[in-house]
Amino acid sequence: MGFCTGRDGGLAARRTPLAGASPAASDVEPREGVPKGTVTKHVLAPGKYFPGTPHNYSVYVPAQYDRSKPAAFMVFLDGSGALGNGVRANVVFDNLIHAKQLPVMIGIFVDPGVLPAVSGNVQSRFERVFEYDSLSDRYSKFLVEELIAEVGKSYNLSKDPNDRGLYGVSTGAVGALVAAWHRPDQFRRVLSFIGTFVAMKGGDGFAALIRRSEAKPLRVFLQAGKNDHIEPNQPQGTFYAGSWPINNRVMLDALQFAGYDAKLELGDEGHNMKHGGAILPDALRWLWRGYPE
(Lines give C-alpha, C1' and ligand atoms only; values in the text may rest on other atoms or scores of the structure.)
Protein backbone atom coordinates (compact mmCIF):
# COMPACT_ATOMS: atom_id res chain seq x y z
CA MET A 1 0.00 0.00 0.00
CA GLY A 2 2.93 2.36 0.51
CA PHE A 3 2.73 5.31 2.89
CA CYS A 4 0.44 8.27 3.12
CA THR A 5 1.09 11.80 4.21
CA GLY A 6 -1.29 14.61 4.94
CA ARG A 7 -2.53 16.98 7.58
CA ASP A 8 -4.87 14.48 9.28
CA GLY A 9 -2.43 11.64 9.86
CA GLY A 10 -2.36 8.10 8.57
CA LEU A 11 -4.66 5.30 7.55
CA ALA A 12 -6.86 5.37 10.64
CA ALA A 13 -7.73 9.01 10.06
CA ARG A 14 -8.18 8.52 6.34
CA ARG A 15 -10.77 5.80 6.92
CA THR A 16 -13.03 7.94 9.12
CA PRO A 17 -16.44 7.07 7.63
CA LEU A 18 -19.96 8.44 7.68
CA ALA A 19 -20.84 5.29 9.66
CA GLY A 20 -18.96 2.23 10.92
CA ALA A 21 -16.07 1.07 8.77
CA SER A 22 -16.03 -2.14 6.76
CA PRO A 23 -13.01 -4.02 5.38
CA ALA A 24 -11.66 -2.09 2.39
CA ALA A 25 -10.71 -5.24 0.49
CA SER A 26 -14.33 -6.38 0.25
CA ASP A 27 -15.58 -2.99 -0.91
CA VAL A 28 -14.18 -3.44 -4.43
CA GLU A 29 -16.09 -6.71 -4.91
CA PRO A 30 -19.85 -7.24 -5.37
CA ARG A 31 -21.45 -8.42 -2.13
CA GLU A 32 -24.61 -10.36 -1.52
CA GLY A 33 -27.43 -8.35 0.03
CA VAL A 34 -26.14 -5.03 -1.28
CA PRO A 35 -28.62 -3.22 -3.57
CA LYS A 36 -27.09 -2.62 -6.98
CA GLY A 37 -27.37 0.67 -8.79
CA THR A 38 -28.04 1.00 -12.50
CA VAL A 39 -25.64 2.22 -15.17
CA THR A 40 -27.00 3.68 -18.41
CA LYS A 41 -25.04 4.86 -21.45
CA HIS A 42 -25.58 8.16 -23.27
CA VAL A 43 -24.05 10.49 -25.85
CA LEU A 44 -23.68 14.22 -25.21
CA ALA A 45 -24.13 16.15 -28.44
CA PRO A 46 -21.38 18.57 -29.51
CA GLY A 47 -21.53 21.92 -27.75
CA LYS A 48 -19.83 25.29 -27.82
CA TYR A 49 -16.72 24.42 -25.80
CA PHE A 50 -15.58 21.50 -27.96
CA PRO A 51 -17.33 22.21 -31.27
CA GLY A 52 -18.16 19.20 -33.41
CA THR A 53 -17.11 16.77 -30.69
CA PRO A 54 -19.62 14.40 -29.06
CA HIS A 55 -18.86 12.81 -25.68
CA ASN A 56 -19.88 9.35 -24.54
CA TYR A 57 -20.91 9.15 -20.90
CA SER A 58 -22.63 6.83 -18.46
CA VAL A 59 -24.75 7.60 -15.42
CA TYR A 60 -24.74 5.46 -12.28
CA VAL A 61 -27.86 5.79 -10.12
CA PRO A 62 -27.86 4.04 -6.74
CA ALA A 63 -30.81 1.89 -5.73
CA GLN A 64 -31.45 4.30 -2.83
CA TYR A 65 -31.89 7.36 -5.10
CA ASP A 66 -35.01 9.39 -4.29
CA ARG A 67 -35.86 12.00 -6.91
CA SER A 68 -37.56 14.16 -4.31
CA LYS A 69 -34.18 14.76 -2.63
CA PRO A 70 -31.21 16.52 -4.28
CA ALA A 71 -28.47 13.92 -4.76
CA ALA A 72 -24.75 14.34 -4.26
CA PHE A 73 -22.68 13.32 -7.28
CA MET A 74 -19.20 12.82 -8.64
CA VAL A 75 -17.98 13.27 -12.20
CA PHE A 76 -15.40 10.69 -13.31
CA LEU A 77 -13.11 11.71 -16.17
CA ASP A 78 -12.07 8.78 -18.38
CA GLY A 79 -15.38 7.36 -17.21
CA SER A 80 -15.22 4.04 -19.06
CA GLY A 81 -11.98 3.21 -17.26
CA ALA A 82 -13.49 4.00 -13.86
CA LEU A 83 -16.35 1.59 -14.58
CA GLY A 84 -13.99 -1.15 -15.84
CA ASN A 85 -12.63 -4.13 -13.95
CA GLY A 86 -9.55 -2.25 -12.79
CA VAL A 87 -11.57 0.19 -10.70
CA ARG A 88 -15.29 -0.78 -10.69
CA ALA A 89 -16.38 2.51 -9.15
CA ASN A 90 -20.04 1.52 -9.43
CA VAL A 91 -19.43 -1.56 -7.26
CA VAL A 92 -17.56 0.55 -4.70
CA PHE A 93 -20.44 3.04 -4.69
CA ASP A 94 -22.96 0.22 -4.15
CA ASN A 95 -21.06 -1.06 -1.13
CA LEU A 96 -20.20 2.25 0.52
CA ILE A 97 -23.65 3.79 0.01
CA HIS A 98 -25.24 0.64 1.48
CA ALA A 99 -22.88 0.86 4.48
CA LYS A 100 -23.74 4.58 4.87
CA GLN A 101 -20.09 5.49 4.36
CA LEU A 102 -21.01 7.63 1.35
CA PRO A 103 -24.10 9.74 0.80
CA VAL A 104 -26.65 8.52 -1.73
CA MET A 105 -24.63 9.59 -4.74
CA ILE A 106 -24.97 9.62 -8.51
CA GLY A 107 -21.90 8.95 -10.66
CA ILE A 108 -21.39 10.66 -14.03
CA PHE A 109 -18.72 8.82 -16.04
CA VAL A 110 -17.63 10.86 -19.05
CA ASP A 111 -15.08 9.90 -21.69
CA PRO A 112 -12.90 12.41 -23.53
CA GLY A 113 -14.31 13.57 -26.83
CA VAL A 114 -13.41 12.18 -30.24
CA LEU A 115 -13.80 14.63 -33.12
CA PRO A 116 -15.10 12.54 -36.05
CA ALA A 117 -13.05 12.46 -39.23
CA VAL A 118 -14.49 14.52 -42.07
CA SER A 119 -13.55 11.91 -44.68
CA GLY A 120 -12.10 8.45 -45.08
CA ASN A 121 -8.68 9.95 -45.85
CA VAL A 122 -8.07 11.32 -42.35
CA GLN A 123 -8.26 10.02 -38.80
CA SER A 124 -10.62 11.05 -36.06
CA ARG A 125 -9.02 13.38 -33.50
CA PHE A 126 -8.82 12.06 -29.95
CA GLU A 127 -9.05 15.11 -27.71
CA ARG A 128 -8.13 13.69 -24.31
CA VAL A 129 -4.89 15.63 -23.81
CA PHE A 130 -6.42 18.78 -25.32
CA GLU A 131 -9.39 18.61 -22.93
CA TYR A 132 -7.70 17.43 -19.74
CA ASP A 133 -4.07 18.51 -19.63
CA SER A 134 -4.57 22.26 -19.54
CA LEU A 135 -4.67 24.97 -16.89
CA SER A 136 -7.48 26.86 -18.64
CA ASP A 137 -11.11 26.98 -17.49
CA ARG A 138 -12.56 25.54 -20.72
CA TYR A 139 -13.14 22.03 -19.35
CA SER A 140 -14.75 23.30 -16.16
CA LYS A 141 -17.21 25.29 -18.29
CA PHE A 142 -17.94 22.20 -20.37
CA LEU A 143 -18.67 20.19 -17.23
CA VAL A 144 -20.96 22.75 -15.64
CA GLU A 145 -22.77 24.23 -18.61
CA GLU A 146 -23.06 21.20 -20.86
CA LEU A 147 -22.53 17.80 -19.21
CA ILE A 148 -24.01 18.42 -15.76
CA ALA A 149 -26.76 20.58 -17.21
CA GLU A 150 -27.76 17.71 -19.50
CA VAL A 151 -27.69 15.06 -16.76
CA GLY A 152 -29.62 17.42 -14.51
CA LYS A 153 -32.57 17.23 -16.88
CA SER A 154 -33.15 13.63 -15.82
CA TYR A 155 -31.93 13.57 -12.22
CA ASN A 156 -32.22 15.82 -9.19
CA LEU A 157 -28.58 16.85 -8.79
CA SER A 158 -27.60 18.88 -5.75
CA LYS A 159 -26.60 22.50 -6.36
CA ASP A 160 -24.45 22.55 -3.21
CA PRO A 161 -20.74 22.47 -4.21
CA ASN A 162 -19.99 20.42 -1.07
CA ASP A 163 -22.13 17.67 -2.62
CA ARG A 164 -20.10 17.62 -5.84
CA GLY A 165 -16.82 15.83 -6.50
CA LEU A 166 -14.42 15.15 -9.39
CA TYR A 167 -12.17 12.18 -10.16
CA GLY A 168 -9.34 11.88 -12.66
CA VAL A 169 -6.50 9.54 -13.58
CA SER A 170 -3.17 10.57 -15.15
CA THR A 171 -3.88 13.52 -17.45
CA GLY A 172 -7.47 13.32 -16.25
CA ALA A 173 -6.27 14.06 -12.71
CA VAL A 174 -4.96 17.39 -13.94
CA GLY A 175 -8.29 18.04 -15.64
CA ALA A 176 -10.27 17.22 -12.49
CA LEU A 177 -8.17 19.31 -10.10
CA VAL A 178 -7.93 22.26 -12.48
CA ALA A 179 -11.71 22.21 -13.02
CA ALA A 180 -12.35 22.29 -9.27
CA TRP A 181 -9.70 24.99 -8.79
CA HIS A 182 -11.42 27.21 -11.37
CA ARG A 183 -14.94 26.45 -10.09
CA PRO A 184 -14.96 25.89 -6.32
CA ASP A 185 -18.46 27.30 -6.46
CA GLN A 186 -19.38 24.04 -8.23
CA PHE A 187 -16.97 21.38 -6.92
CA ARG A 188 -15.30 20.92 -3.53
CA ARG A 189 -13.87 17.37 -3.55
CA VAL A 190 -11.20 15.90 -5.86
CA LEU A 191 -9.64 12.45 -6.28
CA SER A 192 -6.37 12.51 -8.26
CA PHE A 193 -4.73 9.21 -9.20
CA ILE A 194 -1.24 9.03 -10.83
CA GLY A 195 -1.63 12.68 -11.85
CA THR A 196 0.58 14.07 -14.63
CA PHE A 197 1.66 17.26 -12.87
CA VAL A 198 4.79 17.32 -15.06
CA ALA A 199 6.23 19.29 -17.96
CA MET A 200 3.99 18.15 -20.81
CA LYS A 201 1.28 20.76 -21.35
CA GLY A 202 1.65 22.98 -18.30
CA GLY A 203 0.80 20.67 -15.41
CA ASP A 204 4.18 21.36 -13.80
CA GLY A 205 3.21 25.01 -13.35
CA PHE A 206 0.08 24.26 -11.35
CA ALA A 207 1.85 23.92 -8.00
CA ALA A 208 3.39 27.38 -8.32
CA LEU A 209 0.00 28.82 -9.26
CA ILE A 210 -1.56 27.26 -6.17
CA ARG A 211 1.17 28.64 -3.92
CA ARG A 212 0.69 32.23 -5.06
CA SER A 213 -3.11 32.18 -5.05
CA GLU A 214 -5.59 32.46 -2.21
CA ALA A 215 -6.72 29.03 -1.03
CA LYS A 216 -10.01 27.71 -2.32
CA PRO A 217 -12.40 25.51 -0.31
CA LEU A 218 -11.27 22.19 -1.79
CA ARG A 219 -10.44 18.80 -0.32
CA VAL A 220 -7.91 16.87 -2.45
CA PHE A 221 -6.75 13.24 -2.30
CA LEU A 222 -3.61 12.50 -4.35
CA GLN A 223 -2.21 9.07 -5.21
CA ALA A 224 1.00 8.24 -7.08
CA GLY A 225 3.37 5.31 -7.63
CA LYS A 226 7.07 5.26 -6.79
CA ASN A 227 7.80 3.38 -10.04
CA ASP A 228 5.77 5.62 -12.33
CA HIS A 229 7.68 6.48 -15.53
CA ILE A 230 11.05 5.24 -14.35
CA GLU A 231 13.48 5.39 -17.30
CA PRO A 232 16.74 3.54 -16.48
CA ASN A 233 18.57 5.03 -19.50
CA GLN A 234 17.91 8.62 -18.42
CA PRO A 235 20.57 10.38 -16.28
CA GLN A 236 18.23 10.77 -13.30
CA GLY A 237 16.15 7.69 -14.07
CA THR A 238 13.03 9.71 -14.83
CA PHE A 239 10.83 10.48 -17.82
CA TYR A 240 11.74 13.53 -19.95
CA ALA A 241 8.80 15.51 -18.55
CA GLY A 242 9.83 14.91 -14.94
CA SER A 243 9.00 12.54 -12.11
CA TRP A 244 5.37 11.62 -11.53
CA PRO A 245 5.85 10.74 -7.80
CA ILE A 246 8.10 13.72 -7.09
CA ASN A 247 5.73 16.16 -8.76
CA ASN A 248 2.78 14.75 -6.85
CA ARG A 249 4.71 15.42 -3.66
CA VAL A 250 5.35 18.96 -4.93
CA MET A 251 1.60 19.30 -5.49
CA LEU A 252 0.86 18.11 -1.94
CA ASP A 253 3.38 20.57 -0.50
CA ALA A 254 1.85 23.42 -2.51
CA LEU A 255 -1.69 22.53 -1.48
CA GLN A 256 -0.78 22.27 2.19
CA PHE A 257 1.32 25.44 2.06
CA ALA A 258 -1.72 27.31 0.73
CA GLY A 259 -3.99 25.83 3.40
CA TYR A 260 -5.87 23.12 1.54
CA ASP A 261 -7.18 19.90 3.11
CA ALA A 262 -4.97 17.53 1.12
CA LYS A 263 -3.40 14.09 1.37
CA LEU A 264 -0.99 12.01 -0.74
CA GLU A 265 -0.73 8.24 -0.71
CA LEU A 266 2.35 6.90 -2.47
CA GLY A 267 2.38 3.24 -3.50
CA ASP A 268 4.89 1.01 -5.26
CA GLU A 269 3.20 0.67 -8.65
CA GLY A 270 3.92 2.38 -11.97
CA HIS A 271 1.51 4.18 -14.28
CA ASN A 272 -1.50 1.98 -13.67
CA MET A 273 -4.55 1.77 -11.42
CA LYS A 274 -3.60 -1.36 -9.45
CA HIS A 275 -2.85 0.66 -6.33
CA GLY A 276 -5.43 3.36 -7.02
CA GLY A 277 -8.20 0.85 -7.63
CA ALA A 278 -7.34 -1.01 -4.42
CA ILE A 279 -7.50 2.11 -2.25
CA LEU A 280 -10.49 3.75 -3.96
CA PRO A 281 -12.87 2.85 -1.09
CA ASP A 282 -10.55 4.41 1.48
CA ALA A 283 -9.95 7.44 -0.73
CA LEU A 284 -13.70 8.00 -1.06
CA ARG A 285 -14.18 7.64 2.69
CA TRP A 286 -11.49 10.25 3.29
CA LEU A 287 -12.87 12.59 0.65
CA TRP A 288 -16.43 12.46 2.03
CA ARG A 289 -15.57 12.13 5.73
CA GLY A 290 -17.81 14.10 8.04
CA TYR A 291 -20.51 14.56 5.41
CA PRO A 292 -22.73 16.57 5.45
CA GLU A 293 -21.25 18.75 8.18
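First, a word on what this report is: a plain description of the structure on this page. On a predicted model such as this, the values are computed, not experimentally measured, just so you know.

**Considerations on the side chain of serine 140**
Within the secondary structure layout, serine 140 lies in helix α5 (residues 138–151). For serine 140, a relative accessible area of 1% translates into the label buried. Setting aside residues up to four positions removed in sequence, serine 140 forms contacts with Ala179, His182 and Arg183.

**A few points about helix α9 (residues 274–287)**
Helix length check: α9, at 14 residues, gives a terminal C-alpha distance of 20 Å against a target of 20 Å (1.5 Å per residue), a fit within 8%. The largest bend in α9 comes to about 55 degrees, at leucine 280, with the proline proline 281 one to four residues further on. By the criterion of burial, α9 is predominantly enclosed, with twelve of the 14 residues buried. Those residues of α9 not exposed but buried are His275, Gly276, Gly277, Ile279, Leu280, Pro281, Asp282, Ala283, Leu284, Arg285, Trp286 and Leu287.

**Some words on helix α6 (residues 171–182)**
Taking 1.5 Å of rise per residue, the twelve residues of α6 would be expected to cover 16 Å, and the 17 Å separating its terminal C-alpha atoms lies within 8% of that figure. Within α6, eleven of the twelve residues are buried, which leaves the element mostly enclosed by the surrounding structure. Among the residues making up α6, those that are buried are Thr171, Gly172, Ala173, Val174, Gly175, Ala176, Leu177, Val178, Ala179, Ala180 and Trp181.

**Digging into the side chain of threonine 53**
Within the fold, threonine 53 resides in the loop between β2 (38–44) and β3 (55–61). Among residues more than four places away in sequence, those in contact with threonine 53 are Pro46, Gly113, Val114, Leu115, Glu127 and Glu131.

**Considerations on the nonpolar core**
Val75, Ile106, Leu143, Leu147, Phe206 and Ile210 are the most contacted members of the largest nonpolar core, which totals 52 residues. Every residue in contact with valine 75, bar those within four places of it in the chain, is listed here: Ile108, Val110, Leu143, Leu147, Ile148, Gly165, Leu166 and Tyr167. Residues Met74, Leu191, Phe193 and Met273 belong to the second largest nonpolar core, which totals 30 residues.

**Notes on the packing of helix α3 (residues 89–98) against α9**
The contact between α3 and α9 brings their axes to 10 Å, and the two run at 55 degrees. Judged by the angle between their axes, α3 and α9 are oblique. Crossing of α3 against α9: the hand is right-handed. Residues Ala89, Val92, Phe93 and Leu96 of α3 lie in contact with α9, whose contacting residues are Leu280, Pro281, Leu284 and Arg285. A breakdown of the residues in the contact of α3 with α9 according to their chemical character gives seven nonpolar, no polar and one charged.

**Overview of unusual backbone geometry**
Cis peptide bonds are those with omega within 30 degrees of zero, and the linkage from tyrosine 291 to proline 292 qualifies with 5 degrees. Tracing the chain through its elements places proline 292 in the segment after α9. Here the phi dihedral of arginine 88 falls at roughly 50 degrees; this positive angle occurs in a residue that is not glycine. Mapped onto the elements, arginine 88 comes out in the loop between α2 (79–83) and α3. Its identity is not glycine, yet lysine 100 carries a phi of approximately 60 degrees, on the positive side. If you trace the backbone, lysine 100 turns up in the loop between α3 and β5 (105–110).

Calculation notes
- Residues numbered from 1 in each chain as written.
- Predicted model: local features only at pLDDT ≥ 70, side-chain atom pairs only at ≥ 80, totals over all residues.
- Heavy atoms only, no water.
- Helix = DSSP H or I, 4+ residues; strand = E, 2+ residues; numbered from the N terminus.
- Buried < 20%, exposed > 50% of the residue type's maximum accessible area, 1.4 Å probe, protein only.
- Contact = heavy atoms within 4.5 Å.
- Expected span 1.5 Å × (residues − 1).
- Bend = angle between axes of the 7 residues up to and from the residue.
- Core = buried A, V, L, I, M, F, W, Y, C linked by side-chain atoms within 4.5 Å.
- Axes fitted to C-alpha atoms, helices over the stretch in contact; angles between N-to-C directions.
- Parallel < 35°, antiparallel > 145°, perpendicular 65-115°, else oblique.
- Left-handed = near helix turned anticlockwise from the far one by under 90°.
- Nonpolar A, V, L, I, M, F, W, Y, C, P; charged D, E, K, R; others polar.

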